[in-house]
Amino acid sequence: MRAQLVELAAERDALRAQLAGDLPTATRWLQRKVWRQAAALDVLNRRVVTQRFVLRTLDQLGRSLTSDEHRAARAAIANAELRERIHDPDAA
């Protein structure tokens, strides 16, 4: 929550700087925000690549996740919105 407040305050300050005509300050804030988002996207991309590697390896071994393995992996996801996007194997 604190990080969100800090980010919102920084965005407010950047908008004020832009309105005051101080474009370099506003640009620096926006550039830092883009760099943070790019870093987060890189982390997510690395996770996807790792997950694809695991799935390809399982496929090459001639097996897939068991229902118990699937449920355990799904339950380990902290983000509820993301967890709900993954279908339950027994729900079919």
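Residues numbered from 1 in each chain as written. Predicted model: local features only at pLDDT ≥ 70, side-chain atom pairs only at ≥ 80, totals over all residues. Heavy atoms only, no water.

Moving on, we get to helix 2 (residues 23-60). For helix 2, built from 38 residues, the straight-helix expectation of 56 Å at 1.5 Å per residue is met to within 8% by its first-to-last C-alpha distance of 54 Å. For helix 2, every residue scored as buried is listed here: Ala-26, Trp-29 and Leu-58. In this fold, the buried residues of helix 2 make contact with helix 1 (2-19). Following helix 2 by one or two positions, Gly-62 adopts a phi angle in the positive range, close to 80°. (Helix = DSSP H or I, 4+ residues; strand = E, 2+ residues; numbered from the N terminus. Expected span 1.5 Å × (residues − 1). Buried < 20%, exposed > 50% of the residue type's maximum accessible area, 1.4 Å probe, protein only. Contact = heavy atoms within 4.5 Å.)

So, on to the confidence of the model for the protein. In the predicted model, the protein carries a mean pLDDT of 84, and the fraction of residues at 70 or more is 93%. Of all helices and strands in the protein, the one with the weakest mean pLDDT is helix 4 (residues 80-85) (78), whereas helix 1 scores best (89). (pLDDT = per-residue confidence, 0-100.)

Throughout the structure, instances matching the rule amount to five salt bridges. Across the salt bridge formed by Asp-42 and Arg-46, the nearest N and O atoms sit 3.0 Å from each other. On the criterion of helical spacing, the pair formed by Asp-42 and Arg-46 is a turn pair, its members being four residues apart in helix 2. Note on Asp-42: relative accessible area 36%, which makes it partly exposed. The shortest N-O distance in the salt bridge between Glu-69 and Arg-63 comes to 2.5 Å. Look at Glu-69 and you get partly exposed, because its relative accessible area is 34%. (Salt bridge = Lys/Arg side-chain N within 4 Å of Asp/Glu carboxyl O.)

Attention now moves to the environment of Ala-20. As for its placement among the helices and strands, Ala-20 is situated in the loop between helix 1 and helix 2. Residue Ala-20 is classed as exposed on the basis of its relative accessible area, which comes to 67%.

Here we take up the packing of helix 1 against helix 2. Axis separation between helix 1 and helix 2 bottoms out at 7 Å; the angle between their running directions is 145°. Judged by the twist between their axes, the crossing of helix 1 over helix 2 is left-handed. For the pair helix 1 and helix 2, the contacting residues are Glu-7, Ala-10, Glu-11, Ala-14, Ala-17 and Gln-18 in the first and Leu-23, Thr-25, Ala-26, Trp-29, Lys-33 and Arg-36 in the second. Tallied by class, the residues present in the contact of helix 1 with helix 2 amount to six nonpolar, two polar and four charged. (Axes fitted to C-alpha atoms, helices over the stretch in contact; angles between N-to-C directions. Left-handed = near helix turned anticlockwise from the far one by under 90°. Nonpolar A, V, L, I, M, F, W, Y, C, P; charged D, E, K, R; others polar.)

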